[in-house]
2 protein chains.
Amino acid sequence: MEPEIGNFETEMNRGFLQILVLALLKKEMYGYAMVRTIRDLGYEVEENTLYPLLRRLEKNGWVRSKWDVSEDRPRKFYAITDRGRALRSGLLGIWKKQNDILKRIMKEK
Amino acid sequence: MEPEIGNFETEMNRGFLQILVLALLKKEMYGYAMVRTIRDLGYEVEENTLYPLLRRLEKNGWVRSKWDVSEDRPRKFYAITDRGRALRSGLLGIWKKQNDILKRIMKEK
DNA sequence: TAATATAATGTGTCGCACACAGTATGTCAA
DNA sequence: TTGACATACTGTGTGCGACACATTATATTA
């Protein structure tokens, strides 16, 4: 694939990553674990992308966090809020709509 | 839905609109017609979003354009190039991957 | 004991969606 | 016939988010 697609991959991440994070937060999770989970799903994320995304979501009340210092190493655990759940379902709705449109177009001649 | 989702809708458009445009260009089309086509598909686009997107795609050789002045009103018709087709299939691959991941996550637990 | 993995924060850049502004022609109703 | 609205574009400016680069600090492993 061409080098210029790099830019497009960035664009493709926008939106998708937000949904993905909100979806993964069905279970509480800390940032680094989420990076690894996403990679295990076969998708590449930058830590420099995910950490700010989580903080942004928190700043706006879609997720909340608390430090867990009981384990060997301090970890910031994130949980989704009710507002976050509402946002998630809204975004999933948009995603589904987009997906339907693409499928429809690619199908017809 | 919350007012802040507005921002997210913008983010959701990134990536999606690029694929959509490349997909719609299976047939030659001019900008304004594409705006209306997309709206007819039930999706809202700004002209201020679509026109620059088309120009950007052309600048990088994924589409090409020619003015049609034979009709009542001059129109800039866009057509996809071979490179554009390659890009489209690459982006569709990414989209599918993302879609599979989301479906998988939403299904489990 | 040095390298690597874990777990996070912060600053800076660049591209894109979209707001706002403007140009110009065609159509249609009052 | 004129004024509103649709059609069909171009161009500038702003703000936000992905990611590069830099840094801190502890745990694990070779």
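A. Quick peek at the pattern of salt bridges. Per the stated rule, a full pass over the model turns up 14 salt bridges over all chains. Among the salt bridges present, the one from Asp82(A) reaches Arg85(A), with a minimum N-O distance of 3.2 Å. Taken as a pair, Asp82(A) and Arg85(A) lie in helix 4 (residues 82–107) at a separation of three residues, close to a single helical turn. The class for Asp82(A) is exposed, based on a relative accessible area of 60%. Notably, a salt bridge pairs Lys96(A) with Asp100(A), separated by 3.1 Å at the nearest N-O pair. Remark: Asp100(A) and Lys96(A) occur in helix 4; sequence separation between them is four residues, near one turn of the helix. The class of Lys96(A) is exposed, set by a relative accessible area of 51%. Residue Asp100(A) is classed as partly exposed on the basis of its relative accessible area of 33%. It is possible to trace a salt-bridge network through shared partners that takes in Glu11(A), Arg14(A), Glu11(B) and Arg14(B).

B. Representation of the sheet that holds strand 1 (residues 29–30) of chain B within the structure. Residues and elements named next belong to chain B. Sheet architecture is open: three strands sit in the order 1-3-2, paired in antiparallel fashion. If you trace the sheet from one side to the other, it starts and ends with strand 1 and strand 2 (63–68), each paired once. One ladder, built from six bridges, connects strand 2 with strand 3 (residues 75–80); its direction is antiparallel. Residue Ser65 lies in a different strand from strand 3, and its bridge partner there is Tyr78.

C. Spotlight on the nonpolar core. Ranked by internal contacts, the top residues of the largest apolar core, which has 73 residues, are Leu20(A), Met34(A), Leu91(A), Leu20(B), Met34(B) and Leu91(B). Once residues within four sequence positions are removed from consideration, Leu91(B) is found in contact with Ile5(A), Phe8(A), Met12(A), Gln18(B), Ile19(B) and Leu22(B).

D. Structural view of the pairing of strand 3 (residues 75–80) of chain A. Note: strand 1 (residues 29–30) of chain A against strand 3 of chain A, two bridges, orientation antiparallel. By the bridge assignment, Met29(A) is partnered in strand 3 of chain A with Tyr78(A).

E. Layout of the protein's contact with DNA strand C. Surrounding DNA strand C, one finds 25 residues, the nearest of these being Arg73(A), Arg75(A), Lys76(A), Asn48(B) and Arg73(B). Taking all atoms of DNA strand C within 4 Å of the protein, the share assigned to sugar and phosphate is 67%. Between DNA strand C and Thr49(B) there is a distance of 2.9 Å, counted from a phosphate oxygen to a side-chain nitrogen or oxygen. Separating a sugar or linking oxygen of DNA strand C from a side-chain N or O atom of Arg73(B) is a distance of 2.5 Å. Counting only elements with at least two residues in the surface near DNA strand C, the list comes to helix 1 (5–24), helix 2 (31–40), helix 3 (47–59) and strand 3 of chain A together with helix 1 (5–24) and helix 3 (47–59) of chain B. When residues in the surface near DNA strand C are grouped by element, the largest group, four residues, is from helix 1 of chain B.

F. Fine view of the layout of surface pockets. Quantified by volume, the largest pocket comes out at close to 580 Å³. For the largest pocket, the lining is made up of 24 residues, of which Asn13(B), Arg14(B), Gln18(B), Thr49(B) and Arg56(B) are closest to its centre. Breaking the lining of the largest pocket down by element, the ones donating at least two residues are helix 1 and helix 4 of chain A together with helix 1 and helix 3 of chain B. For the lining of the largest pocket, the leading source of residues is helix 1 of chain B, giving seven residues. What the second largest pocket holds in volume is close to 420 Å³. When contributions to the lining of the second largest pocket are tallied by element, the ones reaching two or more residues are helix 1 and helix 3 of chain A together with helix 1 of chain B. Take the lining of the second largest pocket: its biggest share by element is seven residues, from helix 3 of chain A. Looking at the lining of the second largest pocket residue by residue, the classes come out as six nonpolar, eight polar and five charged.

G. Region of interest: the relation of the copies chain B and chain A. After a rotation of 180° and a shift along the axis of 0.0 Å, chain B superposes on chain A with an RMSD of 0.0 Å. A rotation of that kind, with that shift, is consistent with a two-fold axis. When each C-alpha of chain B is compared by its distance to the rotation axis, Arg14(B) comes out closest, at 3.3 Å.

Basis of the calculations
Residues numbered from 1 in each chain as written. Chains lettered and ligands numbered in written order. Predicted model: local features only at pLDDT ≥ 70, side-chain atom pairs only at ≥ 80, totals over all residues. Heavy atoms only, no water. Salt bridge = Lys/Arg side-chain N within 4 Å of Asp/Glu carboxyl O. Helix = DSSP H or I, 4+ residues; strand = E, 2+ residues; numbered from the N terminus. Buried < 20%, exposed > 50% of the residue type's maximum accessible area, 1.4 Å probe, protein only. Pairing = 2+ DSSP bridges. Core = buried A, V, L, I, M, F, W, Y, C linked by side-chain atoms within 4.5 Å. Contact = heavy atoms within 4.5 Å. Near = heavy atom within 4 Å. Polar contact = N/O pair within 3.5 Å; in protein donor to acceptor, adjacent residues only side chain to side chain. 1 Å grid on protein atoms, 1.4 Å probe; cavity = no way out; pocket = protein on both sides within 12 Å on 5 of 7 lines; lining within 4 Å. Points joined across faces, edges and corners; volume = space filled by probe spheres on them. Nonpolar A, V, L, I, M, F, W, Y, C, P; charged D, E, K, R; others polar. Least-squares fit on C-alpha atoms with pLDDT ≥ 70 in both.

Function cannot be read off these values alone, since they describe shape.
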